[in-house]
Amino acid sequence: MKKFFDFKNLPIFFQNSKLGAVAFLLLAVSVLSVIFATLYNWIFGLLWFVIVVISLFYSTRALREVNENTQAYLSGLGYRILRSEQEALIRMPIGIILLNDAGKIDWINPYMQMYFGERDILGSTLKEVDEQLANSIDSYSDSKKTNTITWQDKQFLVYVQHNLRVAYLTDISEYAAIAEEYKDHQIFSGLISVDNYEEVTDGMSESEASGLRTYVTRALSDWALANDIYLRRLNSVHYMMFGYQKALQVVEDDKFSVLKVIRETTAQQNSPLTLSMGIAYGERDINQLAKLAQTNLDLALGRGGDQVVVKSNKAAARFYGGATNPMEKRTRVRARMISQTIGELVEQADNVMIVGHASPDLDAVGSGLGVWRLAQTKNKPAFLVLDEKTVYSDIILLLKELRKQPNDIVAPGSEINDSIVDEARALKLVREQTLIVLVDHARASITSAPTLLKRLGNRVVVIDHHRLSEDGLSEKPLLSYIEPYASSTSELVVELLQYQDQSEAPITKLEATAMLGGIQIDTKNFTLRTGSRTFDAASYLRANGADNNLIQSFMKEQFSDFKARTHLVNMVEILEDNAIVTGEDDSIYSGIITAQAADELLQVSGVDASFVITKRNDGRVGVSARSTGERNVQTIMEAMGGGGHLSNAATQIDDVTPEEVKSQLLDVISQQYSE
């Protein structure tokens, strides 16, 4: 009986006090039932006793069998689990390396040993065995995630348990190959435009133009065929292409050499053609892919053409080419149409807000005055939004002259000296149909009125002569007049003004002077980026009273500024064909002094590009970059977060010293030279 009630011999899930209580309860019920049966009838009680004893016997026997079977099952299961764990360590395709406190290998499983062949590596440090593997494991020793490494021409997932000094390596080469194959066969879409076909073929015979067209098509077709790209001609100046990501990588590695081949070959025939490409990838929707390709082509054309823009919605744009000065494609017809369209937009507006870039120069303010005058020809209130706390001495002198003008009419928008407002005032003047015109810039990040631009983001007109950058406006403007080949924004505005009726609101002498000053500043007195249209605009302004003596008075500088600029020039370092100046970390220089120093350094023989690095009054480090046109400083500044022109660009960087920026600049220059 004692053995019967020995629950310690039962399986673990039967060794329970509650189960024992139930057993005693059942036994008590059985005894009581026998007693009551005997009292009722001793024969019936005897019979019932026999039934109870037999039932208890078979119940006990069944419980013993369950116990034995359960113990056998658990014993077998434990053995199988232990064996499978051992087999997993030995046979599964996971490499295991166990290190001791001294960093030496205590044990590796047979799968890992396979990668070392017959070598006995136990007791050696991992660096002695394989330095590459040791460095990879050490670099992830503190990581709580799996990381991918390449070792012995294979890819592995690595997970390191630092506290146990164990490293696990899983060969994922097959899966990585599948992923790479998937990536290689993603579709890209591209559009190609011949930038200046109409200009070059103007005056040619049909057979000559046809021959030139045939050459371009054949050159592009041969290039596409050699790189497994599908190409189809849409019309005389546009082509469409499709291909796999693998092919795109190949032509990117080649820097799209077909652009250079076509440009140089046609130049030898006195018919220099340039191409622009917009390429999109990373989209599953083919319609979105095509739209993005068109957007990228527009960006390439807006940057002056002769270049390629490769971009997805999830990655930054990559630029190729763009090393030549953009060719002039502006026509009088286009200028007249733009002027007419802007005039219509102004007429439909309640009022006009004119905004230049932060810390505006004479070109930004001069072109702004020109747009203000255009609004007056339509009898519309217009306001030049300007933060007078951030302007330089030339703008201060200009504003002083403006405010000397007679002020007979008090209504805002009627006289320019009543219409110069700051952003806070401009926000109060906004109406339902207010139009905002951005002059001399097309980037929200450098505008002088960011809040105003955000509020009027869907009613924007852009007039600019800088190349487009990737970080442009968040919404597409109502009208974008961006001509990178123009000398200045003032030049563009002068042309627009000439197609407006100024009989009731003629341009004033001071406005003409400001715009001519803007042209002179941006062309360095007609020595850079100057075309026939530049002189036409200057001639028009002179005919309307522009005063060169007044411009010179605006451009005069204080002796302290002259001394600071001279000091910067004296610190120049000539590295190959680059002139680089690095200002002191504890000295603040204004942007205009930095820019003037960069301009002055281009006068040095043998210098193709100049870079002046100085600390600004806002705590950032600024870089002014200039070139003679032989070097593309825009791409250099873009690589450092800035932008600008091929020959005139800049950037500003936070939380760095001038020396750190110099080091970054030299790395970018070195990289571009290697390309």
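Residues numbered from 1 in each chain as written. Predicted model: local features only at pLDDT ≥ 70, side-chain atom pairs only at ≥ 80, totals over all residues. Heavy atoms only, no water.

Caption draft 1: Structural detail: the overall build of the protein chain. When you go through the protein chain residue by residue, the secondary structure sums to 24 helices and 23 strands. Relative to its 675 residues, the protein chain shows a buried fraction of 45%. Of the roughly 34,900 Å² that the protein chain leaves accessible, carbon and sulfur atoms contribute 54%. (Helix = DSSP H or I, 4+ residues; strand = E, 2+ residues; numbered from the N terminus. Buried < 20%, exposed > 50% of the residue type's maximum accessible area, 1.4 Å probe, protein only. Areas by Shrake-Rupley, 256 points an atom, 1.4 Å probe, with all protein chains shown as cover.)

Caption draft 2: Structural view of the packing of aromatic side chains. Under the definition given, this model contains ten aromatic pairs. Here the aromatic rings of Y159 and Y168 are separated by 6.4 Å at their centres, their planes lie at 25°, and the arrangement is stacked. Ring geometry for W223 and F256: centres 6.4 Å apart, planes at 45°, overall tilted. Remark: F256 occurs in the loop between α9 (245-253) and α10 (257-268) and W223 occurs in helix α8 (residues 206-226); sequence separation between them is 33 residues. The exposure class of W223 is buried, given its relative accessible area of 8%. One aromatic cluster is present, formed by Y111, Y115, F116, W151 and F156 through successive ring pairs. (Phe/Tyr/Trp six-rings, centres within 6.5 Å; stacked < 30°, edge-to-face > 60°.)

Caption draft 3: The pairing of strand β5 (residues 166-171), seen in detail. Where strand β1 (residues 94-99) lies against β5, five bridges are found, and the strand directions are antiparallel. Looking at β5, one finds that I96 is bridged to Y168. By the bridge criterion, six bridges tie strand β4 (residues 154-161) to β5 in an arrangement that is antiparallel. Across the sheet, the residue bridging to Y159 is Y168, located in β5. Hairpin remark: β4 followed by β5, antiparallel, with four residues in the connecting loop; positive phi at R165, about 55°. (Pairing = 2+ DSSP bridges.)

Caption draft 4: Region of the structure containing the confidence of the model for the protein chain. In the predicted model, the protein chain carries a mean pLDDT of 84, and the fraction of residues at 70 or more is 90%. Here residues 1-5 scores under 50 on pLDDT; set against residues more than four positions off or in separate chains, the count is five contacts. Per-residue pLDDT stays below 50 along residues 408-413; that stretch engages in 16 contacts with residues further than four places along the chain or on separate chains. (pLDDT = per-residue confidence, 0-100. Contact = heavy atoms within 4.5 Å.)

Caption draft 5: Spotlight on the sheet that holds strand β6 (residues 187-194). Sheet architecture is open: six strands sit in the order β7-β8-β6-β9-β10-β11, paired in mixed fashion. With one partner strand each, in any of the chains shown, β7 (230-233) and β11 (318-321) form the two edges of the open sheet. On average, adjacent strands in this sheet sit at an angle of 15° to one another, irrespective of strand direction. Of the pairings in the sheet, the one linking β6 to strand β9 (residues 275-281) comprises seven bridges and is antiparallel in character. (Axes fitted to C-alpha atoms, helices over the stretch in contact; angles between N-to-C directions.)

Caption draft 6: Inspection of unusual backbone geometry at higher detail. Positive phi outside glycine occurs at N525, with the angle close to 60°. Mapped onto the elements, N525 comes out in the loop between α18 (509-523) and α19 (532-543). At D655, a residue that is not glycine, the phi angle is positive and equals roughly 55°. Position of D655 among the secondary structure elements: in the loop between β23 (648-653) and α24 (658-674). Look at D655 and you get exposed, because its relative accessible area is 78%.

Caption draft 7: Representation of the sheet that holds strand β12 (residues 352-355) in the model. Strands sit in the order β14-β13-β12-β15-β16-β17 across an open sheet of six strands; the sheet is parallel. Of all the strands in the sheet, the pair left with one neighbour each is β14 (420-421) and β17 (479-482). With four bridges joining them, β12 and strand β15 (residues 435-439) adopt parallel strand pairing. Counterpart to I354 in the pairing with β15 is V437. Relative to the sheet, helix α17 (residues 489-498) contacts β15, β16 (460-464) and β17, its axis offset from that of β16 by approximately 115°.

Caption draft 8: Molecular detail of the packing of α8 against α10. Direction vectors running N to C along α8 and α10 enclose 155°, while the axes themselves pass 11 Å from each other. One element, α8, and the other, α10, form an angle in the roughly antiparallel class. The way α8 lies across α10 gives a crossing that is right-handed. Contacts from L212, Y215, V216, A219, L220 and W223 in α8 reach V258, V261, I262, T265 and T266 in α10. Here the residues of the contact of α8 with α10 are counted per class, giving nine nonpolar, two polar and no charged. (Parallel < 35°, antiparallel > 145°, perpendicular 65-115°, else oblique. Left-handed = near helix turned anticlockwise from the far one by under 90°. Nonpolar A, V, L, I, M, F, W, Y, C, P; charged D, E, K, R; others polar.)

Caption draft 9: The pattern of salt bridges, seen in detail. What the rule picks out here adds up to 19 salt bridges. Salt-bridge contacts for E252 lead to R318; the nearest nitrogen and oxygen are separated by 2.7 Å. Of the two residues, E252 is situated in helix α9 and R318 in strand β11; the sequence distance between them amounts to 66 residues. Close ionic contact of R620 with D654 constitutes a salt bridge, the shortest N to O distance being 4.0 Å. Of the two residues, R620 sits in the loop between β20 (609-615) and β21 (621-627) while D654 sits in the loop between β23 and α24, which places them 34 residues apart along the sequence. On the basis of relative accessible area, D654 is assigned to the partly exposed category, the value being 49%. Among the charged side chains, a salt-bridge network with shared partners connects R616, D618, R620 and D654. (Salt bridge = Lys/Arg side-chain N within 4 Å of Asp/Glu carboxyl O.)

Caption draft 10: Representation of the nonpolar core in the model. Judged by nonpolar contacts, the single largest core of 53 residues is most densely connected at I342, L398, I463 and L541. The contacts of L541, once residues within four sequence positions are left out, are V494, I507, A512, M515, L516, I519 and A546. In this structure, Y239, F256, L259 and I279 belong to the second largest nonpolar core, which totals 33 residues. (Core = buried A, V, L, I, M, F, W, Y, C linked by side-chain atoms within 4.5 Å.)

Caption draft 11: Inspection of the packing of helix α13 (residues 362-377) against α17 at higher detail. Packing of α13 against α17 brings their axes to within 8 Å, and their N-to-C directions diverge by 15°. In terms of orientation, α13 lies roughly parallel with respect to α17. By crossing handedness, the relation of α13 to α17 is classed as left-handed. Only T489, S490, V493, L496 and L497 of α17 make contact with α13, whose side of the interface consists of D363, G366, S367, G370, V371, R373 and L374. Partitioning the contact of α13 with α17 into residue classes produces five nonpolar, five polar and two charged.

Caption draft 12: Spatial organisation of the environment of F611. Considering the arrangement of structural elements, one finds F611 in strand β20. Separated by 29 residues in sequence, F611 and T582 have C-alpha atoms that sit 8.5 Å apart. Each residue touching F611, except ones within four places of it in the same chain, is listed here: N578, A579, I580, V581, V623, S624, A625, V633, I636, M637, L665 and I669.

Caption draft 13: Representation of a nonpolar patch on the surface. Taken together, the side chains of W42, I43, L46, F49, V50, V53, I54, F57 and Y58 make up a nonpolar region of the molecular surface, amounting to roughly 960 Å² of accessible area. Mapped onto the elements, I43 comes out in helix α2 (residues 42-91). (Patch = residues over 30% accessible without salt bridge, like charges linked within 9 Å, V, L, I, M, F, W, Y side chains within 5 Å.)

Caption draft 14: The side chain of T489, seen in detail. The residue T489 is located in helix α17 in this model. When residues no more than four places from it in sequence are discounted, the contact partners of T489 are D363, S367, V439, D440, I463, D464 and H465.

Caption draft 15: Structural view of the side chain of T377. Note on placement: T377 falls in helix α13. A distance of 2.4 Å separates the side chain of T377 from the backbone oxygen of L374, its partner in a polar contact. If we ignore the near neighbours within four places in the chain, the residues touching T377 are Q500, D501, Q502 and A505. (Polar contact = N/O pair within 3.5 Å; in protein donor to acceptor, adjacent residues only side chain to side chain.)

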